[in-house]
Structure formats: structure tokens, C-alpha cells
Amino acid sequence: MRLSLVIPCYNESGNIPLLVARLRQTLAERDDVEVLLVDNGSTDGSAAVFQRELAGDTLLRLVWVPVNQGYGHGILKGLEAATGDVLAWTHADMQTDPKDVLTAFDLYKSHGGGGVFVKGKRQNRRLLETFFTFGMQVIASAALGVVLDDVNAQPKLFDRRFYVDHVAGQAPQDFSLDLYVLYRARQSGMRIIEVPVIFADRLHGEAKGGGSWKTRIKLIRRTFAYIFQLRDSLRRGAP
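To keep things clear, this report deals only with the structure shown in the data block. The shown structure was predicted, so the numbers you read here are calculated from the model rather than taken from an experiment.

About the criteria used
- Residues numbered from 1 in each chain as written.
- Predicted model: local features only at pLDDT ≥ 70, side-chain atom pairs only at ≥ 80, totals over all residues.
- Heavy atoms only, no water.
- Core = buried A, V, L, I, M, F, W, Y, C linked by side-chain atoms within 4.5 Å.
- Buried < 20%, exposed > 50% of the residue type's maximum accessible area, 1.4 Å probe, protein only.
- Helix = DSSP H or I, 4+ residues; strand = E, 2+ residues; numbered from the N terminus.
- Contact = heavy atoms within 4.5 Å.
- Axes fitted to C-alpha atoms, helices over the stretch in contact; angles between N-to-C directions.
- Parallel < 35°, antiparallel > 145°, perpendicular 65-115°, else oblique.
- Left-handed = near helix turned anticlockwise from the far one by under 90°.
- Expected span 1.5 Å × (residues − 1).
- Patch = residues over 30% accessible without salt bridge, like charges linked within 9 Å, V, L, I, M, F, W, Y side chains within 5 Å.
- Areas by Shrake-Rupley, 256 points an atom, 1.4 Å probe, with all protein chains shown as cover.
- Salt bridge = Lys/Arg side-chain N within 4 Å of Asp/Glu carboxyl O.
- Pairing = 2+ DSSP bridges.

A word on the nonpolar core. Among the nonpolar cores identified, the biggest contains 38 residues, and Leu79, Trp89 and Phe117 are the most heavily contacted of them. Among the elements of the structure, strand 2 (33-40), strand 3 (60-65), helix 3 (71-81), strand 4 (86-89), helix 5 (127-144), helix 6 (160-167), helix 7 (177-187) and helix 8 (213-235) are those that each provide at least two residues to this core. In terms of residue count, helix 7 provides more of this core than any other element does, seven residues in total. Beyond its immediate sequence surroundings of up to four residues, Phe117 is in contact with Lys156, Leu157, Phe158, Phe162, Val181, Leu182, Ala185, Met190, Arg191, Ile192 and Ile193.

Encoded structure:
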């Protein structure tokens, strides 16, 4: 059983060296994991940083997206290029440790693999952030008729069959991707297992989905719009 880990990177030039170093350290004794770093249309010089950091590297693969078309688009392009039996993604900002993905993978295997969906559960977050996350999950759960908890927590990990049946060619290409896959996992009856992850402060750059309050509010509004769009499609009988 082999894991493909996708990490989308958009304007993360300051974090890329830290991420690459941590990945090499974490994967030093693993031969069952491939990592696909997606340069998701970065405009901050990330291409040159990747070229320098990945020179001669056989452990980490680079997937290049020429123009940014959304957070989800970058992840989906990475999943398209993945070769593993099990697929996962996490973020490049180092707010969650890449090692959490290996914990999720080992937990997945210990529960028998197929039919299991593993996700992160963020710890030690600020009270206000926790409040907004709880409010959004209550609204999403009520609107969609399934229990959705800490929707945007990383990592997300599942088998290739789930990807083929529910993600490829169907998933949204923006920040709604996390909501979509968790909803599909619940709807299809998968067993969802949570891994506690420490949520650290970002060292470099700005969070793409929740840096300033202006950005947070924009993301919240888009997420709410997608929740009700998805609910309405279900009422029309769409998959």
C-alpha cells in the first residue's frame, strides 16, 4: 500500500525550504510515500525556490500549474498526477506538521484501509477561530443533513476508489473542496476517523483562506454560498 501526499503551494516561497527540510526528515525511513508539491501558479518567485530546493531530489515531485485557478484546482492537479493507492493532502504553511499525514496513513492501515476516511482535528486554536469554525459546521451540517466537523482541518486522507467515484471530475476547484470531500465521505457511508493535530502559527506569508478579517469574511461568504448551492443540487436530485 502506497501513499501519495499532495501539498499545494501558492506564494509560499518563505515556507518552501522549511517544508522540504521537514519532509525529508519525516520521510527518511519511509519507502511507501510519494510527495507531490504543487506550485499552484505562484507569483512570488516560488519557482526558483523549488528549483534550488529540489535539485537532484528523487523523493519529492513537483507539479507545476502555470496560472492559479483556485486552491482546489491545485490539489486536484496533484491528485491527477498521483500514483498511490491512498491519497492525501495537507497545507504548505507548516501550521500543521507533515508528520501528521503519516500518522493518518498508519491509522488508516490499522483500520483496514478501504472505506475509511481520515481527517485532522485542530487543537489549541484561538477561541474566536474555534467559534467561527463551530458555527460554520453547525450550519453546514443542518443544511446538508450530515454531521460535518472541523471541515477545513488537515490532513485529508482516503483511498483511490473514493477519489475515482466522488472527486475526479466532480469536485469544486476552490476552497469548497474540503467541504465537498467531507460531505461525500459522510454521504457515502465511509467511516470517518479524526487525528488530533497541533495548529501552529504561520511563520512566513499570509494565510490564503484566513489571514486578514477581510479575507476570512470573503471565504465565509463563499463557503455559505457553496453549502446552499450543494443543498439545492441535492434537492433537484443531482449527485
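Continuing now.
What follows deals with helix 7. Of all eleven residues that make up helix 7, nine are buried, and the element is covered over most of its length. Buried within helix 7 are the following residues: Leu177, Asp178, Leu179, Tyr180, Val181, Leu182, Tyr183, Arg184 and Ala185. After helix 7 finishes, the residue Gly189 shows a positive phi value of roughly 80°.

Turning to the packing of helix 1 (residues 16-26) against helix 2 (residues 46-53), a few remarks are in order. Running from amino to carboxyl end, helix 1 crosses helix 2 at an angle of 30°, the nearest separation of the two axes being 10 Å. Taken together, the axes of helix 1 and helix 2 are roughly parallel relative to one another. Here the hand of the crossing between helix 1 and helix 2 comes out right-handed. Across the interface between the two elements, Ile16, Pro17, Val20 and Arg24 from helix 1 touch Ser46, Val49, Phe50, Arg52 and Glu53 from helix 2.

For helix 4 (residues 99-110), built from twelve residues, the straight-helix expectation of 16 Å at 1.5 Å per residue is met to within 8% by its first-to-last C-alpha distance of 17 Å. Taken together, the buried positions of helix 4 are Asp100, Val101, Leu102, Ala104, Phe105 and Tyr108. Just past helix 4, the residue Gly112 takes up positive phi, approximately 95°.

Turning our eyes to something else, we now look at a nonpolar patch on the surface. A contiguous nonpolar surface patch, about 300 Å² in accessible area, is contributed by Leu128, Phe131 and Phe132. Structurally, the position occupied by Leu128 is in helix 5. Judged by its relative accessible area of 45%, Leu128 falls in the partly exposed class.

Looking now at the sheet that holds strand 5 (residues 116-123). The strand order 3-2-1-4-6-5-7 describes an open sheet built from seven strands, whose pairing is mixed. Looking along the sheet, the strands with just one partner apiece sit at the ends: strand 3 and strand 7 (191-198). For this sheet, the mean angle separating the axes of adjacent strands, direction not counted, is 20°. Where strand 5 and strand 7 come together, eight bridges link them in parallel fashion. Each residue of the ladder has a partner; that of Val118, found in strand 7, is Ile193. The strands touched by helix 2 are strand 1 (3-9), strand 2 and strand 3; relative to strand 2, the strand with the most contacts, the crossing angle is about 155°. Here helix 7 sits on the sheet in contact with strand 4, strand 5, strand 6 (156-159) and strand 7, set at roughly 130° to strand 5.

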